[in-house]
Amino acid sequence: MHNSKAHIWFIAPAIILMIIILIFPLFLAGGISFTDYNLGNKTFEWVGLENYDKMFNRKTYVKMIWATATYVIVVVPISVVLGLCAAMLLNSLRFGADIYKTIFFLPVMATLLAMAIAWEFTLHPTLGIVNSFLANGCGGIREFILGFHWLPWVDSQESWYAVACANNMDFPYWLKQKNTAIWTVCFIGIWQAFGFNMVLYLAGLTSIPRELYQAAEMDGAKSTWEQFKLVTWPMLGPTTLFVVTITTIRTFQVFDTIEILTKGGPSKTTYVMMYAIFEKAIQQNLTSIGAAITVVFIGFILVLTFFQRYVIEKRVHY
Amino acid sequence: MEAKQYIGEGWKHAILIIGAIVVMLPFYMMVSMSLKSQQEIQSISGGLIGAQETQTFPVCVKTGYSEETCTMKPYQYNYWFAFEKAPIPRYLMNGVIVTLSIFIIQVLVALPCAYALAKLRFYGREFVFSMVLFCLLIPVHGIALPLYVMLAQAGLVDTYSALILPWTISVFGIFLMRQFFMTVPDELIDAARMDGMGEYAIVWKVMLPTAIPALLAFAIFSVVAHWNDYFWPRMVITGNRDLFTPPLGIREFRGGIDSDEFGPMMASIVTVTVPLIVAFIIAQKRFIEGITLTGMK
C-alpha cells in the first residue's frame with residue numbers, strides 16, 4: 001500500500017476543471033436566467049421568472065419548442081430504424097457489406113458544415129441535381145414512383161409531382177419554403193445520423209449467440225420476421241436503448257445545418273434551441289433570455305439521461 | 001446456393017445501392033462542382049468532371065491577375081484560385097493546433113485522474129467518481145452560453161485559449177481510461193513500486209504504454225469531434241481570420257450562394273474536408289471504433 005499524497009496531484013487538476021468548466025456554468029446559467037443581465041452591462045436586476053414567462057408565451061419561443069420537438073421526433077425514430085435496417089441487411093449479405101458500411105459511415109465522419117453546403121447545392125432549384133433529376137422525369141417512371149401514382153388513392157393528375165410538372169417544373173425550393181424547410185433539414189439530419197446507429201447495431205448483432213436462432217427455429221419460429229421478433233429485437237434491447245438516447249441527445253444539439261442553411265427560417269419553422277441560444281445571446285446580446293433557453297435545454301437532456309439510466313435500463317436487460 | 005437465395009441477395013443489393021447513391025449525392029456534387037467551370041455548374045452539364053476546356057476566367061482577371069495567369073483548365077483554376085483567395089493552409093494549421101492541444105491536455109488531465117480512481121485507495125474516491133459520472137451527463141455545447149460569458153469576462157474571446165479551454169476536461173476520457181485501468185493487474189503496479197518507481201513514473205511509464213489502444217481510440221474520437229466542431233468556434237471567434245478553424249473557413253468561403261463563383265468555393269470546401277475523409281478510409285476500422293467509442297461502455 002502506498003502512502004504518498006500523489007493522488008491529490010492526480011485528481012486535483014481534473015476536479016478543478018470539472019468544477020470550473022462543467023459544474024459552475026450550470027449555476028451561472030441558472031443565475032443569469034433570473035436576471036436582466038446582458039453581456040457588457042455593469043449592473044443587473046433580478047427579474048424573477050420573467051425570462052421563462054417570455055419563453056413559454058411569446059410566439060417566437062413557442063415556435064422554437066415546436067421546431068425542436070418536430071426535429072427530434074422525426075429524426076430520432078427514422079435514423080434509428082434506418083440504422084437497424086441497414087445493419088440487418090448488411091449482416092445478412094454474402095459479399096460487399098464492407099463497402100456499404102464505409103459509404104454509410106462517411107456522413108458521420110465528414111465535416112457536417114461542409115456537407116450542409118453540399119446539400120444546399122444538391123437541393124438548389126436551378127443548380128441542384130435533385131430538381132433537375134425530377135424535372136427530367138416528368139411523364140416517366142420517376143413521376144410514377146415518386147409521385148406515388150402507384151397508390152390507388154392518388155390521382156395521377158393531382159399528385160405533387162404531376163402538379164409541379166404541369167406548372168413549368170415548379171419543384172420545391174426545398175430549404176426556402178415554409179412547408180418543406182423543416183423536413184429537408186430533418187432529412188439531412190437523418191442522412192448524417194443513421195450510419196452511426198448502423199455501426200452500433202452491427203456491433204450489437206454480432207454479440208447475439210447463433211444458438212439462439214437455432215433454438216428459435218426448433219420452437220417453430222421459421223420466418224425471418226418471427227426470428228426477428230423472438231430473438232433479434234429483444235437481444236438488441238440494450239443497444240436500442242443506448243442508440244435512442246445518444247441519438248436524441250445529439251439531435252437536440254442540431255446547429256450547423258440550421259445556421260448555414262435556414263437561419264431558423266422561413267418564419268421560424270426551423271428555429272431550434274441551439275440556434276435560438278446562439279442568435280439571442282451572441283448575435284443580439286440578450287444574454288439572460290439565452291440563459292433561460294440554456295436552462296430548459298439542459299433540463300431536457302438531464303431528464304432524458306436520467307430516464308435512460310434509472311428507469312428504462314432496469315427493464316431492457318433480460 | 002439456391003436460385004431463390006440469389007434473388008434475395010440481389011434485392012438486398014438493389015436496396016443498398018439506392019441507399020448508397022442517396023448517401024453519396026452531396027459528396028458527388030461537392031467533388032463535381034470543384035472540378036467544373038461556372039457555366040457547366042449553372043447548366044448542370046458535363047457529368048462528374050466536365051469538359052475541362054482551357055479557358056480564361058473573367059473573375060480572376062477582374063481580381064487583377066494577368067490574362068495569361070488566368071488561362072487554364074477549370075479544375076486547376078478552381079483549386080489554384082481557392083488558395084489565392086483564402087489562407088487555407090492557415091485554417092488547416094489552426095485546426096491541427098486546436099485539435100492536438102485539446103487532445104494532449106485532455107490526456108494530461110485525464111490519465112493521472114483515471115489512474116488514481118482505478119488503482120489508488122484514498123478518502124473521497126467514490127465521491128470523485130460519482131462527480132465524474134454526473135459530469136458525463138452535461139453536454140458541453142449545452143452550457144456554451146455561460147462558458148462564453150465567463151470567457152468574455154476574462155477577456156479571452158477571439159483567442160486560441162477560448163477555442164481550447166472548455167474542452168480541456170474530458171470526463172468521458174477519465175471514465176474510459178478508468179475502466180481500462182481497472183483491467184490492468186495490480187501486480188504490474190506493485191512490481192513497479194518494488195523497483196522504486198514513484199507514482200508519477202508509474203502513470204507515465206507503466207500505465208500510459210498499456211493504455212495505448214484505448215488512447216488511440218480516444219484520440220480519434222476527440223480529434224474528429226473537434227476538427228468538425230463548428231458551433232463552439234462560431235461562438236467564440238468573431239472576426240479574427242487568423243484564428244479560423246476549418247469549419248469557420250468553410251463558412252467564409254461560402255459567401256453568397258448567388259454572388260460568387262462556385263468552383264473555387266467548392267474546391268476550398270473539398271480541400272478542408274478531404275484530410276479527415278482520407279484518414280478515415282485508410283484506417284477505417286480504428287475510426288469506426290473510435291467514433292462509436294461511446295457505444296462501448
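Residues numbered from 1 in each chain as written. Chains lettered and ligands numbered in written order. Predicted model: local features only at pLDDT ≥ 70, side-chain atom pairs only at ≥ 80, totals over all residues.

Trainee: I keep staring at the overall build of chain A and nothing clicks. Help me out?
Mentor: Per the secondary structure count, chain A includes 15 helices and zero strands. The C-alpha atoms of chain A give 25 Å as radius of gyration, which overshoots the globular expectation for 318 residues (20 Å, by more than 25%). The principal-axis extent of the C-alpha atoms belonging to chain A is close to 65 × 65 × 30 Å. (Helix = DSSP H or I, 4+ residues; strand = E, 2+ residues; numbered from the N terminus. Rg over C-alpha atoms; globule rule 2.2 N^0.38 Å.)

Trainee: Would you explain the overall build of chain B in this entry?
Mentor: In terms of helices and strands, chain B carries 16 helices and two strands. With respect to the principal axes defined by its C-alpha atoms, chain B has extents near 75 × 70 × 35 Å. Within the span of chain B, comprising 297 residues, buried residues form 45% of the whole. Look at the contacts in chain B between residues 6 or more apart in sequence, and 73% of them connect residues 24 or more apart. (Buried ≥ 20, exposed ≤ 12 C-beta atoms within 10 Å, placed from the backbone. Contact = placed C-beta atoms within 7 Å.)

Trainee: Would you mind going over the domain arrangement of chain B with me for this structure?
Mentor: It is common to give the size of an interface as the accessible area that goes away when the parts come together. All names here are of chain B. Under the domain assignment used here, chain B contains domain 1 (3-85) and domain 2 (88-296). Computed from C-alpha coordinates alone, the two centres of domain 1 and domain 2 are separated by 33 Å. Contact residues are listed per partner, giving 16 residues for domain 1 and 11 residues for domain 2. When contributions to the side of domain 1 that touches domain 2 are tallied by element, the ones reaching two or more residues are α1 (3-35), α2 (38-42) and α4 (74-85). Split into classes, the residues belonging to the side of domain 1 that touches domain 2 amount to 10 nonpolar, four polar and two charged. (Domains from an automatic or database assignment. Nonpolar A, V, L, I, M, F, W, Y, C, P; charged D, E, K, R; others polar.)

Trainee: Would you mind showing me how to read the interface of chain B and chain A here?
Mentor: Chain B puts 73 residues into the contact, and the matching count from chain A is 73 residues. The dominant element in the side of chain B that touches chain A, judged by the number of residues it contributes, is α1(B), at 14 residues. Of the residues assigned to the side of chain B that touches chain A, the class counts are 56 nonpolar, 11 polar and six charged.

Trainee: Help me understand the nonpolar core in this model?
Mentor: Soluble, globular proteins show a tendency: their nonpolar side chains are buried together. Of all hydrophobic cores here, the largest spans 174 residues; its most connected members are A:V272, B:C113, B:A114 and B:I269. Domain assignment of the residues forming this core places at least three in each of domain 1 (3-85) and domain 2 (88-296) of chain B. When neighbours within four sequence positions are excluded, B:I269 is seen to be in contact with A:A114, A:I117, B:M30, B:I250 and B:F253. (Core = buried A, V, L, I, M, F, W, Y, C linked by C-beta atoms within 7 Å.)

Trainee: Help me understand unusual backbone geometry, please; the structure alone is not making it clear to me.
Mentor: Of all residues except glycine, most have a negative phi; of all peptide bonds, most are trans. Residue and element names in this part refer to chain A. Positive phi, close to 60°, is recorded for F148, a residue that is not glycine. One can find F148 in the loop between α7 (141-146) and α8 (160-166). With phi around 50°, K263 is a residue other than glycine that occupies positive phi space. Among the secondary structure elements, K263 is positioned in the loop between α13 (256-261) and α14 (273-283). Here K263 falls in the exposed class, since 12 other C-beta atoms lie within 10 Å of it.

Trainee: Where do I start with the packing of helix α3 (residues 59-92) of chain A against helix α12 (residues 237-252) of chain A in this structure?
Mentor: For any two helices packed against each other, the geometry comes down to the angle between their axes and how far apart the axes lie. All names here are of chain A. Two numbers describe how α3 lies on α12: the axes approach to 9 Å, and their chain directions differ by 140°. Here α3 lies oblique to α12, going by the angle between them. The two elements α3 and α12 cross, and the hand of that crossing is right-handed. Residues Y71, V72, V75, V76, S79, V80 and G83 of α3 lie in contact with α12, whose contacting residues are V243, V244, T247, T248, T251 and F252. Each residue belonging to the contact of α3 with α12 can be placed in one class, and the counts come to eight nonpolar, five polar and no charged. (Axes fitted to C-alpha atoms, helices over the stretch in contact; angles between N-to-C directions. Parallel < 35°, antiparallel > 145°, perpendicular 65-115°, else oblique. Left-handed = near helix turned anticlockwise from the far one by under 90°.)

Trainee: Help me understand the confidence of the model for chain B in this model?
Mentor: Close inspection of predicted coordinates is inappropriate in any region flagged by low pLDDT. Residues and elements named next belong to chain B. Across chain B, the average pLDDT comes to 86, with 96% of residues at or above 70. The least confident element of chain B, judged by mean pLDDT, is helix α3 (residues 58-63) at 78; the most confident is helix α5 (residues 88-119) at 93. At the level of chain-chain contacts, confidence expressed as ipTM amounts to 0.87, with global pTM at 0.89. (pLDDT = per-residue confidence, 0-100.)

Trainee: What am I meant to see in helix α12 (residues 212-228) of chain B here?
Mentor: Given a rise of 1.5 Å per residue, 17 residues ought to cover 24 Å, and the 24 Å separating the end C-alpha atoms of α12(B) matches this to within 8%. Every buried residue belonging to α12(B) is among B:L215, B:A217, B:F218, B:A219, B:I220, B:F221, B:S222, B:V223, B:V224, B:H226, B:W227 and B:N228, and all of these are buried. (Expected span 1.5 Å × (residues − 1).)

Trainee: Can you walk me through the environment of A:A291 in this structure?
Mentor: Note on placement: A:A291 falls in helix α15 (residues 287-316). Placed 260 residues apart in sequence, A:A291 and A:G31 show a C-alpha to C-alpha distance of 8.4 Å. Contact partners of A:A291, with chain neighbours within four places excluded, come to A:A29, A:I32, A:S33, B:L145 and B:P146.

Trainee: Can you help me understand the environment of A:F24 in this one?
Mentor: Counting through the fold element by element, A:F24 comes out in helix α1 (residues 6-33). The partly exposed category is assigned to A:F24, around which 15 C-beta atoms lie within 10 Å.

Trainee: Sorry if this is basic, but what is going on with the packing of helix α9 (residues 181-206) of chain A against α12(A) here?
Mentor: Residue and element names in this part refer to chain A. One can describe the packing of α9 onto α12 by two numbers: an axis separation of 10 Å at closest approach and a directional angle of 155°. With respect to their mutual orientation, α9 and α12 come out roughly antiparallel. Judged by the sense of rotation from one axis to the other, the crossing of α9 with α12 is right-handed. Side by side, α9 and α12 meet where G189, A193, N197, L200, Y201 and G204 of the first sit next to T239, V243, T247, R250 and T251 of the second.

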